[in-house]
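Survey of secondary and tertiary structure
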Amino acid sequence: MKTIFTDKAPAAVGPYSQAKVVGGLLFASGQIPLDPKTGSIVAGGIVEQTEQVCKNIDAVLAEAGCDFSEVIKTTCFLADIADFKAFNEVYAKYFTSKPARSCVAVKDLPLGALVEVEIIAEV
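The protein chain goes by Regulator in an unreviewed UniProt entry, where it is assigned to Veillonella rogosae JCM 15642. UniProt annotates the protein chain under Sequence similarities (unreviewed entry) with the comment "Belongs to the RutC family."

Let us now look at the packing of aromatic side chains. Inspection of every chain in the model, using the stated rule, returns 4 aromatic pairs. Ring plane angle 50° and centroid distance 5.5 Å describe the contact between F68 and Y94, whose orientation is recorded as tilted. With F68 in the loop between helix 1 (46-64) and strand 4 (71-78) and Y94 in helix 2 (residues 84-94), the pair connects residues that are 26 residues apart, well separated along the chain. Residues F68 and Y94 agree in their burial class; the two are buried. Ring geometry for F87 against Y91: centres 5.5 Å apart, planes inclined by 45°, an arrangement best described as tilted. Note that F87 and Y91 are positioned in helix 2 at a spacing of 4 residues, about one turn of the helix. With respect to class, F87 is no different from Y91; both count as buried. Members of the aromatic cluster, joined through ring pairs, are F68, F87, Y91, Y94 and F95. Sitting over the ring of Y91, R101 keeps its end group 4.6 Å from the ring centre.

Time to look at the pairing of strand 5 (residues 100-105). Where strand 4 and strand 5 come together, 6 bridges link them in parallel fashion. Bridge pairing in strand 5 places L78 opposite A105. Considered for its hand, the β-α-β crossover made up of strand 4, helix 2 and strand 5 is right-handed.

Together, M1, V22 and F27 give the surface a local cluster of nonpolar side chains, amounting to about 330 Å² of exposed area. Relative to the elements of secondary structure, M1 occurs in the segment before strand 1 (2-4). Accessibility expressed as a relative area gives 78% for M1, which makes it exposed.

Analysis parameters
Residues numbered from 1 in each chain as written. Predicted model: local features only at pLDDT ≥ 70, side-chain atom pairs only at ≥ 80, totals over all residues. Heavy atoms only, no water. UniProt positions renumbered as here; feature names shortened; annotations may be inferred. Phe/Tyr/Trp six-rings, centres within 6.5 Å; stacked < 30°, edge-to-face > 60°. Helix = DSSP H or I, 4+ residues; strand = E, 2+ residues; numbered from the N terminus. Buried < 20%, exposed > 50% of the residue type's maximum accessible area, 1.4 Å probe, protein only. Lys NZ or Arg CZ within 6 Å of the ring centre and 35° of its normal. Pairing = 2+ DSSP bridges. Right-handed = clockwise from strand over helix to strand, strands pointing away. Patch = residues over 30% accessible without salt bridge, like charges linked within 9 Å, V, L, I, M, F, W, Y side chains within 5 Å. Areas by Shrake-Rupley, 256 points an atom, 1.4 Å probe, with all protein chains shown as cover. Salt bridge = Lys/Arg side-chain N within 4 Å of Asp/Glu carboxyl O.

Now the structure itself:
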């Protein structure tokens with residue numbers, strides 16, 4: 001098992017890793033819209049926050065030696081299901097291979113984020 005860490009994505013805000021590689025698969029922790037330089041949630045609404053989440057995922061994927069085309073499954077969490085359409089518009093720009101996905105609305109996300117996405121990818 002290999003631990004993945006990059007300073008191009010936010011450091012974990014708890015006792016967990018950005019990602020782990022085992023058996024040819026990358027299991028990435030959920031990414032929220034933290035700017036890795038400031039450690040703060042990016043300004044703006046669901047569009048801006050989803051863009052930052054995807055940038056953070058891209059950094060983790062790159063560190064593991066893969067890219068969005070190798071993502072097999074995503075799990076997406078929204079603070080408000082009314083953001084579903086706007087979230088999908090940004091998500092579709094990055095996840096062009098259309099991986100399997102679950103997307104649910106939850107009561108709250110860490111640090112007041114509007115969106116969180118976790119991934120499983122082939123390495």
